[in-house]
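# Commentary on secondary and tertiary structure
Spelled out, the chains give:
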Amino acid sequence: MAARENTVPSFEAALEAGCDGVELDVRMTQDGALVVHHDETAQSDSGIMAIETSDWLRLKEARFRSTLGEYGIPRLDTVLRAISGRGLINMEVKPAGKRAARVAELVCAAADKVRPRESLLVSSFDLDLLGEILRREKGILLGYIFSSVEALNHLEDSEVVDTLAALHPRHDLVDETFMKRARERGLDVHTWTVDEAD
């Protein structure tokens, strides 16, 4: 691994290695900044910091530990400036609960800066959040991430069901029937997480 996940160096390394795109994880800080970080918390020298209950200025100054050394948490706009136009960006927006409307508004504003626009796919486990994004910006490509058949069944009752560009099922939910149905609907399928070759 060339760099820690969800950092500008990791995205640049992936694109320079020939990947046609990257996936990144987005969370909103307490004061409304969109940052790129997978986990809810990060380990700094001063202890564990919760991303969504921390202010951006505090996160910006902190250095965090990982097996690949120290890293900083980047803002979404910094990452998008670095990689826009260089490949597909699959932006996973973490569930936001009561803050979904504000997160959707900020995601749409960030998406407006990505060129070409069709290189951005906004994905989430949260159907309500995807609905909030759809109501604000009909042109954004959306993807639904799910880990159970029950969650997939909820999709049928969602306002985004007919507007999705992609499905992101947990790998063990994919079979020939699933792929046939996805193809019939014109949906891309990006499964996760496949760590074994067989």
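In this report, we go over the structure that sits alongside the text. Not measured: the values here are computed from a predicted model.

Turning to the packing of helix α4 (residues 100–111) against helix α5 (residues 127–136), a few remarks are in order. Interaxial distance between α4 and α5 falls to 9 Å at its minimum, and their mutual angle equals 50 degrees. Judged on the interaxial angle alone, α5 and α4 are oblique. α5 is crossed by α4, and the crossing has right-handed handedness. Where α4 approaches α5, its residues Ala-100, Ala-101, Val-103, Ala-104, Glu-105, Val-107 and Cys-108 are matched on the opposing element by Leu-129, Glu-132, Ile-133 and Arg-136.

Moving on: unusual backbone geometry. Leaving glycine out, the prevailing phi sign among residues is negative, and the prevailing peptide bond configuration is trans. With an omega dihedral of -10 degrees, the bond running from Arg-115 to Pro-116 counts as a cis peptide bond. Relative to the assigned elements, Pro-116 resides in the loop between α4 and β8 (120–124). At Asn-6, a position not held by glycine, the phi torsion is positive, near 60 degrees. Structurally, the position occupied by Asn-6 is in the segment before α1 (8–16).

What follows is about the pairing of strand β1 (residues 21–28). Where burial is concerned, most of β1 is hidden: six out of the eight residues are buried. In this sheet, strand β7 (residues 88–93) lies alongside β1 in parallel orientation, the contact comprising six bridges. Note that in β7 the partner of Val-22 across the bridge is Ile-89. Taken together, the three bridges between β1 and strand β2 (residues 34–36) define a ladder with antiparallel strand orientation. Opposite Arg-27, over in β2, you have Val-35 as the bridge partner. Linking β1 back to β2 in an antiparallel pair, the connection comprises five residues, with Gly-32 at a positive phi of about 90 degrees.

Axis separation between α1 and helix α3 (residues 76–83) bottoms out at 10 Å; the angle between their running directions is 20 degrees. Classified by the angle between their axes, α1 and α3 sit roughly parallel to one another. In the packing of α1 onto α3, the handedness of the crossing is right-handed. Here Val-8, Phe-11, Glu-12 and Leu-15 of α1 come into contact with α3, specifically with Thr-78, Val-79, Ala-82 and Ile-83. Class assignment for the residues of the contact of α1 with α3 results in six nonpolar, one polar and one charged.

Reading the values: rules and limits
Residues numbered from 1 in each chain as written. Predicted model: local features only at pLDDT ≥ 70, side-chain atom pairs only at ≥ 80, totals over all residues. Heavy atoms only, no water. Axes fitted to C-alpha atoms, helices over the stretch in contact; angles between N-to-C directions. Helix = DSSP H or I, 4+ residues; strand = E, 2+ residues; numbered from the N terminus. Parallel < 35°, antiparallel > 145°, perpendicular 65-115°, else oblique. Left-handed = near helix turned anticlockwise from the far one by under 90°. Contact = heavy atoms within 4.5 Å. Buried < 20%, exposed > 50% of the residue type's maximum accessible area, 1.4 Å probe, protein only. Pairing = 2+ DSSP bridges. Nonpolar A, V, L, I, M, F, W, Y, C, P; charged D, E, K, R; others polar.

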